[in-house]
Structure formats: C-alpha cells, structure tokens
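Read off the chains here:
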Amino acid sequence: MTTKPIFVVDNGAYMSKSKMNTTDKSKIIPNCIMKSKFYPRRTFIADQIDNECPNKTSLYYQLPFQKGYLVDWNIQKQVWDYLFGKIPFKTTGLLMTEPCMNLNFIRETMDQIFFEEYEVASFARYDPATLSAYQYEQDMKSNYVLVIDSGFSFTHIVPFYQGRKLFDGMTRIDVGGKLLTNQLKSVISYRQLVVMNETYIINELKENICYVSLDFQEDMKKARLPLSENSNSLDYILPDYNEIKQGYVQSSSTSTFNGNIADSSKKNLTKQQQQIVRMNVERFTIPEILFRPSIIGIDQAGIAESIYNSVEQLPEHIRPSLYNNILLTGGNCLFPNFKERLENELRSMIKDDYPIRITLPENPITYALNAGVTLTNSSDYINYCVTKREYDEHGVSICHRKFTDNP
Amino acid sequence: MEQPQQRLTRQTKENLSSTSSSSRILDASARARRTQKFLESLEQDNFHDDPTEPSSSFDPTLTQEQIAKSLSNISAFGYSRHSKGLILESDEPTTTTTTSNSSNKRRKIQFKYDVFKTRFRKNLQTLLDEELGSNGEKSNDEKNYFTIVAKPSKYPSIKLCSVCGFLSQYTCQICGNLYCSLKCLDIHKDTRCLKFTV
Ligand SMILES: [Zn+2]
Ligand SMILES: [Zn+2]
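About the thresholds
Residues numbered from 1 in each chain as written. Chains lettered and ligands numbered in written order. Predicted model: local features only at pLDDT ≥ 70, side-chain atom pairs only at ≥ 80, totals over all residues. Heavy atoms only, no water. UniProt positions renumbered as here; feature names shortened; annotations may be inferred. Helix = DSSP H or I, 4+ residues; strand = E, 2+ residues; numbered from the N terminus. Rg over C-alpha atoms; globule rule 2.2 N^0.38 Å. Buried < 20%, exposed > 50% of the residue type's maximum accessible area, 1.4 Å probe, protein only. Contact = heavy atoms within 4.5 Å. Areas by Shrake-Rupley, 256 points an atom, 1.4 Å probe, with all protein chains shown as cover. Lys, Arg positive; Asp, Glu negative; His and termini not counted. Charge placed at Lys NZ, Arg CZ, Asp CG, Glu CD. Pairing = 2+ DSSP bridges. Donors = N, O, S within 2.8 Å, 3.2 Å for Na, K, Ca; no water. Tetrahedral: all angles 85-135°; square planar, octahedral: opposite > 155°, others 65-115°. Axes fitted to C-alpha atoms, helices over the stretch in contact; angles between N-to-C directions. Left-handed = near helix turned anticlockwise from the far one by under 90°. Nonpolar A, V, L, I, M, F, W, Y, C, P; charged D, E, K, R; others polar. Expected span 1.5 Å × (residues − 1). Salt bridge = Lys/Arg side-chain N within 4 Å of Asp/Glu carboxyl O. Phe/Tyr/Trp six-rings, centres within 6.5 Å; stacked < 30°, edge-to-face > 60°. Lys NZ or Arg CZ within 6 Å of the ring centre and 35° of its normal. Domains from an automatic or database assignment. Buried area = accessible area lost by both parts, 1.4 Å probe. Polar contact = N/O pair within 3.5 Å; in protein donor to acceptor, adjacent residues only side chain to side chain.

If you check an unreviewed UniProt entry, chain B appears there as HIT-type domain-containing protein from Rotaria sordida.

Per an unreviewed UniProt entry, the recorded name for chain A is Actin-related protein 6, and the organism is Rotaria sordida. Chain A has a UniProt comment under Sequence similarities (unreviewed entry) that states "Belongs to the actin family. ARP6 subfamily."

Next comes the structure, spelled out in structure tokens:
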C-alpha cells in the first residue's frame, strides 16, 4: 500500500507547493487565476503568468482562499486540474495541507472531491504545522517543538508534543504577507505613486527591500538623516515591462550623489519614463506590523509576545523545551533579521535561565512540503491516510476520525 | 482611469457637499468603524475591476468606491510623476476590441458537486457562522477558530505619523489619526481627515 507514489501538495492561499514523493523536483506555483488587461481574452492559471504574461502591470487576481480558508472551489479546481495534469490518481495517493483549525464544511468537501471527483488511491490532509513538527521532531530528536507558520493570510503559533498539538497553546495572529503588501501599497499610494492595482510589483518590492528592524528607535533616527548620509533610504525602480523587466534598487552611486536624480537622467533618456519610489521608513515599518499589529489598529499582540502568551498557557515544566525548539516556517520568516528580532524580543520577556533556540530552515516556504514527503515515505503512513477502499467502506466519517486523531 | 484634474474636481465637490459635516468630530465608535473598514480593505484581492468583464462586479462584498476612498488615491506630497494618472501604464497597445457578450461567454464547466455552482458556494462568513453553531454544541473549552485568536498586547503601541510614517506624538482632534508635525497635519487635513468616513 505505502509503496504507491504519493503526490504531496502544500496548498497555500498564495502559493501551491508540491512534489511527487518519488522525485526530488518540487513545483511552486501561484494558487490563483490572474487576468491582464493586455490579454482580455484569456486567463492565466497559476504559473502561466510567469511564462505567458510578460507584462505584470495591474493584474487582476482571483484567489480560491479568503482569509486563509478555501471558499471558491471553482477557481481552486481550475488550479488543481492544471497542477495535477496527467497524474494517474488511480494508482497515486494525495497528501494535501489544510489550514490550522480548518472549517468542517471545507474538510468534508475536500474529502469528497478527492475521493469521488479525482478518485485518488489514498488521501490525507494535515495542516502544515503538523507536518513541520513531524519533520523537526525527527531531525532534532526532540519531543517538543513550537511551530511558527507565518504565511500569506495569517500567522499561527502551534506547540507540539510528540507530534500532537497542544491545543491550549495555539494562537493565530491575523497578520500575513497579504496584509503587509496591501498596507505597503496603501502607504506608497498615499505618499508617492498610486500603486493600488500593482499587487505583483509591490509584493516583489516588499520581498526585495523590506527588513525587520532590530532597533526601531535607532532605525528611525537613521531614516531621519538627510539623504546624503542616509543609508536606509533607497530609490527603487519599478518595472515597466518594456525596458525594465524587474524592479530593482537604483545603484547607490547615483542615489547617494546628493540624491540628484535629475543629473543622472541626462545620461539616460529613458530615466524620465522610469517610475521610482523612494523607500525609507517603509522598509522596516511594514514588517514591524508582524511584531506590533497595533501599529495599524489590529488589537492583537505580535509574534514574540504571542509566543510568550502561548507558552505561558502550558505547564511550567515543558516551557523551557518549547522555547528551546522554535521552528520558523512560512514566507514572512524570510525578511532579513526576522529570527534575530524574535530572539531578542523573547529574551527580554522570558526567564534568563530558559534557553532559546530558534531554527530558521534553509527554505521556510517548502519546509512543510518536504516534511509531508518524509511522512509519506515513512512506514506507518498507512495509519495517517485513508485509502480508497476504506473510504468506500466508511465514507467521510473515517476521514474525520483518522485525520483528527493523527498524528 | 480618470485624470488627476477630474479627480481633483470631484474631491472639491465632495468637500463642498460635506462642509456641514466637516466641523463635526468623530466619536470613538466612528473612529473604530473607520479603523475596521480600513482593516477590511487590507483583505481585498483587487482594487480595480476585472479587466475582462468590465460590467460585472466580481466580488459581491467589494465596495470599490468606499475602498478607493478609504485608502485615498491622492498622493500626499503631490509628486509630479504621479500626475500622469495611472502610473505604470505602459504604452503597449491594448487590444481595444470590445468583447461581445456572446463570444465572451465564459466556459461552463460541469461538476457534480454543488460547491462548484456559485449559488451553493458559501462565503467565509457563512462558514464561520456554521462553525460557531456547531462548536456551541461542543464543550466550551475546545479550541476553535474563534478562540485561538491572539490576545491584545500589553505593551503600548508604536505611534507612526499617518502622513510621513515617522514617529509621531500627536493625534488629530477630529478623526484620531496620528501626525508628527504641523506640516503633516496640514497635509492630513487636506487629504484624508474626515474625507473618507462613512
Ligand atoms: Zn509626519
Ligand atoms: Zn484628522
């Protein structure tokens, strides 16, 4: 049974990460459909946007997820059909992630669609944190792990003991990458250029030049310095998809030259056409929202304080083991200084004799996917998944039983 | 996309029509509503219409006008380069063929599941309401979507100027937004203050 190939999908609200458990090749594609005004007669499914739509200006997004939960099955099915291609599900199993605290209606619909519409040989769904915990506990030979999953829609804090969630310590912060990008669009539109429709471009800008501050007051002081001495301020050239295919930071030689953009424009006629945004405080005040959601009016504690609150909900004797096994997953963890900031802030909150060890994997985006692959290759995966035969015999009830009891 | 000149005119009109209300001061609940509205706008996937279906509004919850207003399309510092209207609009020729309704008819896909039919699709609020209902029957101490939300912070918030983004110490008496200097307050009053309230 378990020798069958299993297709593993970490079905994120923003990116779908997938891999066949028999290969090394993973596929990361947008989990959405996009439309472009330059191609009014067609839609772009998932990564078709990369290959078939050279101009990413004003893309219109249709996402199957709303606030992290799957609601538009029609859009999702189109992406799934595209992703699955010719996978022979008669002989292939499927492991797909679902968000933490997924809603029952969505769970049952997933179970039914995969067994009855796609007729998969076996199916399993677990949240990414559970998969990540499985991998971490194995790799680190630890009974405990505190998984931080900071993705597109929200940030989850999930403590585990021997693969099982410690529900009392679970926390969700309603701040994710989507909110950060939209807030960045909003402030750039107010202060400089109207970019509300440029999700693709501003998200790229965010990933390229934003960072987490290690000393907020000090960074604010630096950002106040006049341009000639200001190492924080950057001029970012937005792509126009004619000559500039990708946004980039204007080289410091021109931008620090008294900030005299007009001077350099004489040398290059196209300079006038360029759209430039000057990024200064925005570089670190946007990611700061992850640590202080109150900046934009969200009445929730940030990541470090929420970790503290989570762990404090749990018995005292296990707290050191959790602080000592913090695992960072999800795209927001890729902001420079994220891990250091978290460590500094936690250090200031918790007892001095509690050790803190934070692991930032080489790729926090694909960690859960690869963990899923590990799980499917384990000898007891049969206990984690529901086979077609089991489903035919017991229906959705067995899915509910197996996926909630496990691991 | 309308030209900046037009936008300006519309703004002015709005000003004139709302002069009676411009002297009012927003109370706490109005400020909270405004914040809530802003936060909801940060959940939007798009701030413009579907380019392939110009007449239909795709997302029923989308209130384009309000979002546009609450987020303010006006650049505070009036950098000249944004006055071209929609920035980033490349000169690439767009196919100006008016797609006829018949040819644009979207491919109908037949699925046997109701969820694929729009009328059976449940939006998140419906799903959450259902979830709350089913959890109400269960024991109270069981964790669910609603109970795992992060607690408020016990630390004071960092205050950033709503105009320039630097640290700020002052609160607009009228709407509660933050500002750092008289210069920023002036810009705030000219661009945002009370202009985009419900
Ligand atoms: Zn200011
Ligand atoms: Zn005001």
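This is not the end of the story, as more comes after the structure.
Looking only at helices and strands, one finds 16 helices and 20 strands in chain A. For 407 residues, the compact-globule estimate of 2.2 N^0.38 gives 22 Å, and chain A sits close to it at 23 Å. Dimensions along the principal axes, computed over C-alpha positions, put chain A at roughly 75 × 60 × 35 Å. Residues classed as buried in chain A amount to 63% of the 407 residues present. Taking the contacts inside chain A whose residues are at least 6 apart along the sequence as the reference set, 66% of them involve residues at least 24 apart. When the accessible area of chain A is evaluated, it comes to approximately 15300 Å², of which 48% is carbon and sulfur surface. Averaging the positions of the 44 positive and the 47 negative side-chain charges in chain A gives two centres separated by 4 Å.

Right, let's talk about the overall build of chain B for a bit. The secondary structure content of chain B amounts to 5 helices and 2 strands. Listed by position from the N terminus, the elements making up chain B come as α-α-α-α-β-β-α. Within the span of chain B, comprising 198 residues, buried residues form 34% of the whole. Of the contacts made within chain B by residues no fewer than 6 positions apart, 48% connect residues no fewer than 24 positions apart.

What follows deals with the pairing of strand β15 (residues 234-238) of chain A. Residue and element names in this part refer to chain A. Among the 5 residues of β15, 5 are classified as buried, and the element is accordingly described as predominantly covered. A two-sided burial pattern is seen for β15, the buried positions comprising Leu234, Tyr236 and Leu238 on one face and Asp235 and Ile237 on the other. As defined by bridge partners, β15 adjoins strand β17 (residues 275-279) across 5 bridges and the pair is classed as antiparallel. Within the sheet, the bridge partner assigned to Tyr236 lies in β17 and is Val277. In this sheet, strand β16 (residues 248-249) lies alongside β15 in antiparallel orientation, the contact comprising 2 bridges. Along β16, the bridge assignment pairs Ile237 with Tyr248.

Take unusual backbone geometry next. All names here are of chain A. Within the chain, Met101 stands out as a residue other than glycine whose phi angle is a positive 55 degrees. Residue placement: Met101 occurs in the loop between β9 (93-97) and α3 (104-117). On the accessibility criterion, Met101 (12% relative accessible area) is buried. Unlike most non-glycine residues, Glu119 shows phi in positive territory, near 50 degrees. As for its position among the elements, Glu119 is in the loop between α3 and β10 (122-126). Its relative accessible area of 35% is what places Glu119 among the partly exposed residues.

Attention shifts here to the coordination of the zinc ion (ligand 1). All names here are of chain B. Around the zinc ion (ligand 1), the protein contributes the donor atoms Cys161 (SG), Cys164 (SG), Cys180 (SG) and Cys184 (SG), at 2.3 Å from the metal centre. Of note is the zinc ion (ligand 1), whose 4 donor atoms meet at the metal with angles of 103 to 116 degrees in an arrangement that counts as tetrahedral. Mapping the donors of the zinc ion (ligand 1) onto the primary sequence gives the spacing C-x2-C-x15-C-x3-C. Overall, the relative accessible area of 2% leaves Cys161 in the buried class.

Residue and element names in this part refer to chain A. Between helix α5 (residues 177-191) and helix α10 (residues 282-291), whose axes approach to 10 Å, the crossing angle comes to 145 degrees. Judged by the twist between their axes, the crossing of α5 over α10 is right-handed. Facing Leu179, Leu180, Gln183, Leu184, Val187 and Arg191 of α5, the residues of α10 in contact are Glu282, Ile286, Pro287, Ile289 and Leu290. In terms of residue class, the contact of α5 with α10 is built from 8 nonpolar, 1 polar and 2 charged.

Further remarks concern helix α2 (residues 28-41) of chain B. The terminal C-alpha atoms of α2 of chain B lie 20 Å apart, and with 14 residues this matches the ideal 20 Å at 1.5 Å per residue to within 8%. Residues of α2 of chain B that are buried: Ala30, Arg34, Phe38, Leu39 and Ser41 of chain B.

Now for the pattern of salt bridges. In the structure shown here, the tally under the stated rule is 21 salt bridges over all chains. A cluster of three or more residues bridged by salt bridges with shared partners is formed by Glu98, Arg107, Asp111 and Arg125 of chain A.

Time to look at the packing of aromatic side chains. Centre distance and the angle of the planes are the two values used to describe a pair of aromatic rings. Within this structure, the stated rule accounts for 27 aromatic pairs over all chains. Centroid distance Trp80 of chain A to Phe84 of chain A: 6.5 Å. Interplanar angle 20 degrees. Geometry classified as stacked. Placement of both Trp80 of chain A and Phe84 of chain A in helix α2 (residues 73-84) is noted, with a separation of 4 residues, approximately one turn of the helix. For the pair Trp80 of chain A and Phe84 of chain A, a shared accessibility class is recorded, and that class is buried. Judged by centre distance (5.3 Å) and plane angle (90 degrees), the ring pair of Tyr145 of chain B and Phe146 of chain B falls under edge-to-face. Taking the relative accessible area as the measure of exposure, Phe146 of chain B reaches 30% and is therefore partly exposed. Here the basic side chain of Arg341 of chain A rests over the ring of Phe291 of chain A, its NZ or CZ set 4.6 Å away from the ring centre. When the ring centre of Tyr190 of chain A is taken as origin, the NZ or CZ atom of Arg192 of chain B, which lies over that ring, is 3.8 Å away.

In this section: the coordination of the zinc ion (ligand 2). All names here are of chain B. Bound to the zinc ion (ligand 2) on the protein side are Cys172 (SG), Cys175 (SG), His188 (NE2) and Cys193 (SG), at distances that span 2.0 to 2.3 Å. Spacing between the donor residues of the zinc ion (ligand 2) along their common chain follows C-x2-C-x12-H-x4-C. Here Cys172, found in the loop between β1 (170-171) and β2 (178-179), pairs with Cys193, found in the segment after α5 (182-191); they are 21 residues apart in sequence, far enough to count as distant.

On to the domain arrangement of chain A, then. Residues and elements named next belong to chain A. Each assigned domain of chain A is listed with its residue range as follows: domain 1 (6-127 + 365-405), domain 2 (131-175 + 298-359) and domain 3 (177-286). When each unit is reduced to the centre of its C-alpha atoms, the spacing between domain 1 and domain 2 is 26 Å. Residue-level contacts link 25 residues of domain 1 with 21 residues of domain 2. Contact between domain 1 and domain 2 buries roughly 1700 Å² in total, counting both sides, with carbon and sulfur atoms accounting for 69%. Our count for the domain 1 to domain 2 interface comes out at 1 salt bridge. Asp127 is the partner of Lys165 in a salt bridge, and the nearest nitrogen-oxygen pair spans 2.8 Å. Counting across the domain 1 and domain 2 interface gives 6 residue pairs in polar contact (both at pLDDT 80 or more). Among the elements that take part in the side of domain 1 that touches domain 2, helix α14 (residues 367-376) stands out by supplying 7 residues, more than any other. Here the side of domain 1 that touches domain 2 is built from residues that sort into 15 nonpolar, 6 polar and 4 charged.

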